[in-house]
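Geometric and topological summary
The chain contents come next:
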Protein chains: 2
Amino acid sequence: MTETDRRVAVFETQLKGAGLRMTQQRRLILRVLAEADDHPDAKGIFTRAFAHDPTLSLSTVYRTMKVLESQGAIERHAFEDGISRYEHAHQEHHDHLIDIDSGEVIEFSSDAIEELQRRIAAELGYELVRHRLELYGRKKQPARKGSRK
Amino acid sequence: MTETDRRVAVFETQLKGAGLRMTQQRRLILRVLAEADDHPDAKGIFTRAFAHDPTLSLSTVYRTMKVLESQGAIERHAFEDGISRYEHAHQEHHDHLIDIDSGEVIEFSSDAIEELQRRIAAELGYELVRHRLELYGRKKQPARKGSRK
DNA sequence: TTCAGTATCGAGAAGCATTCGCATTAATAT
DNA sequence: ATATTAATGCGAATGCTTCTCGATACTGAA
């Protein structure tokens, strides 16, 4: 709760600095995102927020996501299906592993991969600005006696 | 020309085997793709093919891309903008580096990265099925005397 | 507190890439 | 040749996202 409040307060300050306003809707959406531990899409965010404020509109969710993103408060990702999914911004960069069967999104980071990417870009004559890495996998059965294959 | 004809012939055999038909439209679209050295989207493919057959419809392009993809004749990629782009299938797996300024797509492959990804997935308890890696970069100025920064 | 100015909102229309439905056409096997 | 039916063309429909616009409600100043 306190952590969420802190996020809201920080964001409000950022908004004011940009000549923007803190509204009930933005507060609510920010709260929903701060308390989400998954990567919901616009509709998912809308559904959760709508439960707290039935006057909220989907348009506002989309608009708010843009504002939040431009302020660096959240990150937007588009995986295979092309639908935008959101998560509150971490300080540490990370990539995603998506469970093919369940759709679950697991986060990970690897300095080795980051470095390798930078090197590959450099070899091609490019300066790496950003990247997108998604692994799609299937949960392994824990190895156990008698497990076949 | 010969290489393109060979591709068309191979694909026709695959189609027959699946109880499907080789049509003028499929031949044309396959030809356009075989001779493309970039990663066009559906509209781009349609435009090029339309020049040879003004009766072609965009629906057919989309339908054909699905067939081609299911037969493994082409690969589909969706970069940042969410639009599907296509290329004829290579035998070797590769990833893409996208030039931020020009939009140009450069292909590359790295066994080291492939291996690293497999290892990361394994550490998270997953078997890697496939992945998506896109690097976004900016062309470096060739280092020269007097270059600042 | 009240008020003016304007950023934001809700609701629905509009955009865009992609897919569908269906009557018509054409590829294939006999 | 001819029947079978996959494939086509065209327009309508879909689904996510953005835009339009009149109404609403933040915010700073009085």
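Everything quoted here is computed from the prediction, not taken from an experiment.

The subject of this paragraph is helix H1 (residues 2–17) of chain B. Residues and elements named next belong to chain B. Compared with the 22 Å implied by 1.5 Å per residue over 16 residues, the 23 Å span of H1 between its first and last C-alpha is a close match. Contacts made by the buried residues of H1 are with helix H2 (24–35) and helix H4 (58–70). Backbone geometry just after H1 places glycine 19 at a positive phi near 75°.

Here we come to the nonpolar core. Among the nonpolar cores identified, the biggest contains 22 residues, and Leu135 of chain A together with Leu135 of chain B are the most heavily contacted of them. For leucine 135 of chain B, the contacting residues outside a window of four places in its chain are Gln117, Ile120, Ala121, Leu128, Arg130 and His131 of chain A together with His96, Leu97, Ile98 and Phe108 of chain B.

In the vicinity of DNA strand C lie 22 residues, with Arg26, Ser59, Thr60 and Arg63 of chain A together with Tyr62 of chain B positioned nearest. Expressed as a percentage, the sugar and phosphate content of the atoms of DNA strand C within 4 Å of the protein is 68%. The separation between a phosphate oxygen of DNA strand C and a polar main-chain atom of methionine 22 of chain B is 3.1 Å. Within the side chain of lysine 66 of chain B, one N or O atom sits 3.5 Å away from a phosphate oxygen of DNA strand C. Secondary structure elements with two or more residues in the surface near DNA strand C: helix H2 (24–35) and helix H4 (58–70) of chain A together with H4 of chain B. Of all the elements, H4 of chain B adds the most residues to the surface near DNA strand C, at four residues. For the surface near DNA strand C, the class distribution of residues is five nonpolar, nine polar and eight charged.

Neighbouring DNA strand D are 22 residues, the closest being Tyr62 and Ser84 of chain A together with Arg26, Thr60 and Arg63 of chain B. Sugar plus phosphate: this is where 68% of the atoms of DNA strand D within 4 Å of the protein reside. At 2.6 Å, a side-chain N or O of arginine 26 of chain B approaches a phosphate oxygen of DNA strand D. One of the backbone N or O atoms of serine 57 of chain B is found 3.2 Å from a phosphate oxygen in DNA strand D. Here the surface near DNA strand D takes four residues from H4 of chain A, the largest share from any one element. Split by residue class, the surface near DNA strand D holds five nonpolar, nine polar and eight charged.

This brings us to the packing of H2 of chain A against H4 of chain A. Residues and elements named next belong to chain A. Where H2 contacts H4, the two axes come as close as 10 Å, and the packing angle between them is 75°. By the criterion of interaxial angle, the relationship of H2 to H4 is roughly perpendicular. Mapping the contact onto sequence places Gln25, Arg26, Ile29, Leu30 and Leu33 in H2 and Thr60, Val61, Thr64, Met65, Val67 and Leu68 in H4. The residue makeup of the contact of H2 with H4, split by class, is seven nonpolar, three polar and one charged.

The rules behind each value
- Counting from 1, residues in each chain are numbered in the order their sequence is written.
- Written order decides the labels, with chains lettered from A and ligands numbered from 1.
- For a predicted model such as this one, the threshold for reporting local features is a pLDDT of at least 70, and the threshold for listing and counting side-chain atom pairs is 80 or more; totals across whole chains, interfaces and linings nevertheless cover every residue.
- As a convention, hydrogens and water are excluded, and side-chain values are obtained from all of the structure's heavy atoms.
- Only runs of H or I of at least four residues qualify as helices and only runs of E of at least two qualify as strands under DSSP, and these elements are numbered from the N terminus.
- Helix span is expected to be 1.5 Å times the residue number reduced by one.
- When checking whether two residues touch, look at their non-hydrogen atoms; a contact exists if any pair is within 4.5 Å.
- To qualify as a nonpolar core, a set must consist of buried Ala, Val, Leu, Ile, Met, Phe, Trp, Tyr and Cys residues joined through side-chain atoms within 4.5 Å.
- Partly exposed describes any residue whose relative accessible area lies between the buried limit of under 20% and the exposed limit of over 50%, with all areas from a 1.4 Å probe on protein chains only and scaled to the type maximum.
- For this purpose, a residue is taken to be near a molecule or strand whenever a single non-hydrogen atom of the residue falls within 4 Å of it.
- As used in this structure description, the phrase polar contact means that two N or O atoms lie within 3.5 Å; if the pair is within protein, one of them must be able to donate a hydrogen and the other to accept it, and residues adjacent in sequence are counted only when both atoms belong to side chains.
- Three categories are distinguished: nonpolar for Ala, Val, Leu, Ile, Met, Phe, Trp, Tyr, Cys and Pro, charged for Asp, Glu, Lys and Arg, and polar for the others, with Gly belonging to the last.
- Axes here mean lines fitted to C-alpha atoms, for a helix over just the part in contact, with angles spanning 0 to 180 degrees between N-to-C directions.
- For classification, angles of less than 35 degrees are called roughly parallel, those exceeding 145 degrees roughly antiparallel, those between 65 and 115 degrees roughly perpendicular, and all remaining angles oblique.

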